[in-house]
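Listed below are the residues making up each chain.
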Amino acid sequence: MPRIWVFGNDVNTDQMVPGRYAPYMLGANDDVRRYAFIEARPDFAPNVQPGDLIIAGPNFGCGSSREYAPLALKRCGVGAIIAPLFARIFFRNALNLGIPCFTADLREQVADGDFVDFDLAAGLITNNANQIQLPPPEGWMREVWAEGGIVPFYRRHGRFPATGA
């Protein structure tokens, strides 16, 4: 069962992975995954499990455009990030890496440390007897998530996903 990790408002990429832990600053056998929220929430990286969910306040991913912040979350196996508002560049970097992001404010409906059922395909979180329906993403986003990101999508299909534009 995925665990809920609750974060506040305006979580910036420097809080996710401080610059001194950028992949190009690490040794050959080190992984940026180890440094996810190392200062903002030191218990995160050692305890997060594949499929766990991040629930946050608005403006998640603000700050710099460093792609290694969402990369660290992907390597941790984060199942999805749910926030009422994302910094646009973070949202796109997460999409490019295949991390599902949903726009919703669930901070009053779940608590930090809750264990829930999460059905990505249905966009449904079940917390005890309460079911929370997430807003449906566009179909092309689901296709990118299913392939693990935009590059794997392109490699498999030889094209970018249809966005309706």
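Residues numbered from 1 in each chain as written. Predicted model: local features only at pLDDT ≥ 70, side-chain atom pairs only at ≥ 80, totals over all residues. Heavy atoms only, no water.

You'll find the protein entered in an unreviewed UniProt entry as 3-isopropylmalate dehydratase, small subunit, with Herpetosiphon aurantiacus given as the organism.

A. Representation of the UniProt feature "domain: Aconitase A/isopropylmalate dehydratase small subunit swivel" (unreviewed entry) in the protein within the structure. As recorded in UniProt, the sites labelled "domain: Aconitase A/isopropylmalate dehydratase small subunit swivel" (unreviewed entry) are residues 49-99. Taken end to end, residues 49-99 comprises 37% helix and 14% strand; its first and last C-alpha atoms sit 15 Å apart. (UniProt positions renumbered as here; feature names shortened; annotations may be inferred. Helix = DSSP H or I, 4+ residues; strand = E, 2+ residues; numbered from the N terminus.)

B. Main features of unusual backbone geometry. Of note in the backbone geometry, Asp-10 takes a positive phi value of approximately 55° without being a glycine. Among the structural elements, Asp-10 can be located in the loop between β1 (4-6) and α1 (13-16). Exposure remark for Asp-10: the relative accessible area of 42% places this residue in the partly exposed category. Phi is positive for Asn-59, which is not a glycine, with a value near 70°. By the element assignment, Asn-59 lies in the loop between β2 (53-55) and α3 (68-76). Judged by relative accessible area, Asn-59 falls into the partly exposed class, the value being 25%. (Buried < 20%, exposed > 50% of the residue type's maximum accessible area, 1.4 Å probe, protein only.)

C. Molecular detail of the pairing of strand β6 (residues 124-127). Here β6 shows a buried face lined by Leu-124 and Thr-126 and a second buried face lined by Ile-125 and Asn-127. By the bridge criterion, three bridges tie strand β5 (residues 117-119) to β6 in an arrangement that is antiparallel. Counterpart to Phe-118 in the pairing with β6 is Ile-125. What sits between β5 and β6 in their antiparallel hairpin is a turn of four residues, with Gly-123 showing a positive phi close to 65°. Relative to strand β7 (residues 130-133), β6 is paired through four bridges, and the arrangement is antiparallel. Looking at the pairing, Thr-126 lines up with Gln-131 of β7. Hairpin geometry of β6 and β7 is characterised by an intervening segment of two residues between the two adjacent antiparallel strands and by a positive phi of about 60° at Asn-128. (Pairing = 2+ DSSP bridges.)

D. Seen up close, the nonpolar core. Ranked by internal contacts, the top residues of the largest apolar core, which has 34 residues, are Phe-37, Phe-44, Ile-54, Phe-60, Leu-73, Ile-81 and Phe-90. When contributions to this core are tallied by element, the ones reaching two or more residues are α2 (44-47), α3, β3 (80-83) and α4 (88-97). Here the element with the most residues in this core is α3; it accounts for five residues. For Phe-37, the contacting residues outside a window of four places in its chain are Phe-7, Val-11, Gln-15, Met-16, Pro-42, Phe-44, Ile-54, Phe-60 and Leu-73. With 20 residues, the next largest nonpolar core counts Ala-80, Val-116, Ile-132 and Met-141 among its residues. (Core = buried A, V, L, I, M, F, W, Y, C linked by side-chain atoms within 4.5 Å. Contact = heavy atoms within 4.5 Å.)

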